[in-house]
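# Commentary on secondary and tertiary structure
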Amino acid sequence: MLEGYFDDNDTQQSKQRLLAVAAALEIAKSAVGAGNGISGARTEYDLQSVAREIGPLADAIQQALTLRN
């Protein structure tokens, strides 16, 4: 989904962030796609929630992947 967003000259940190955001988007896609049959307003609410929470979710994924010493 985000292929080609960064090029080979970008930092490792940027690439790691991209992977964390991609993982967060996959989780969000599954959550929004698992609706209960109510469309319209529910989908809008889900998408607003995703927009609000995608950054914190990516942060949590990155933190979970950080090596602990």
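Sequence order as written defines residue numbering, which begins from 1 separately in each chain. The model is predicted, so local features are restricted to residues of pLDDT at least 70 and side-chain atom pairs to those at 80 or more, both for listing and for counting; the totals for chains, interfaces and linings are taken over all residues. With hydrogens and water set aside, each side-chain value is computed from the structure's full complement of heavy atoms.

## Looking at the environment of Leu-65
In plain terms, the rule: The secondary structure listing takes helices from DSSP runs of H or I that are at least 4 residues long and strands from runs of E that are at least 2 residues long, numbered from the N terminus.
Along the polypeptide, Leu-65 turns up in helix 2 (residues 41-65). With 45 residues separating them along the chain, Leu-65 and Ala-20 place their C-alpha atoms 9.2 Å apart.

## Overview of the nonpolar core
Heads up, the rule is: By nonpolar core we mean a set of buried residues, namely Ala, Val, Leu, Ile, Met, Phe, Trp, Tyr and Cys, connected to one another through side-chain atoms within 4.5 Å. Each residue's exposure class comes from its accessible area (1.4 Å probe, protein chains only) as a fraction of the maximum for that residue type: buried when under 20%, exposed when over 50%, partly exposed otherwise. In this analysis, two residues are considered to be in contact whenever any of their non-hydrogen atoms come within 4.5 Å of each other.
Counting six residues, the largest nonpolar core is built from Ala-20, Ala-24, Ala-28, Ile-54, Ala-58 and Ile-61. For this core, the secondary-structure elements that each account for two or more residues are helix 1 (12-33) and helix 2. Beyond its immediate chain neighbours, meaning those up to four positions away, Ile-61 contacts Ala-20, Ala-23, Ala-24 and Ile-27.

## Comments concerning the pattern of salt bridges
Which entries qualify depends on this criterion: The term salt bridge refers to a side-chain nitrogen of Lys or Arg lying within 4 Å of a carboxyl oxygen of Asp or Glu.
A full pass over the atoms with the stated rule returns two salt bridges. Here Asp-59 makes a salt bridge to Arg-17, at a shortest N to O gap of 2.6 Å. Taken as a pair, Asp-59 in helix 2 and Arg-17 in helix 1 lie far apart in primary sequence, 42 residues in all. On the accessibility criterion, Asp-59 (42% relative accessible area) is partly exposed.

## Re the layout of surface pockets
For the record, the criterion: In this analysis, the protein atoms alone were mapped onto a 1 Å grid. Cavities are point sets where a 1.4 Å probe fits without being able to get out; pockets are open sets with protein on both sides within 12 Å along at least five of seven lines; lining residues have an atom within 4 Å of a point. Grid points are joined across faces, edges and corners, and a volume is the space filled by probe spheres set on the points. Amino acid classes used here: Ala, Val, Leu, Ile, Met, Phe, Trp, Tyr, Cys and Pro are nonpolar; Asp, Glu, Lys and Arg are charged; the rest, including Gly, are polar.
The space that makes up the largest pocket amounts to roughly 160 Å³. Lining the largest pocket we find Gln-16, Leu-19, Ala-20, Ala-23, Ile-61, Gln-62, Leu-65 and Thr-66. Looking at the lining of the largest pocket, the elements that each hand over two or more residues are helix 1 and helix 2. Sorting elements by how many residues they give to the lining of the largest pocket places helix 1 first, with four residues. Looking at the lining of the largest pocket, its residues break down into five nonpolar, three polar and no charged.

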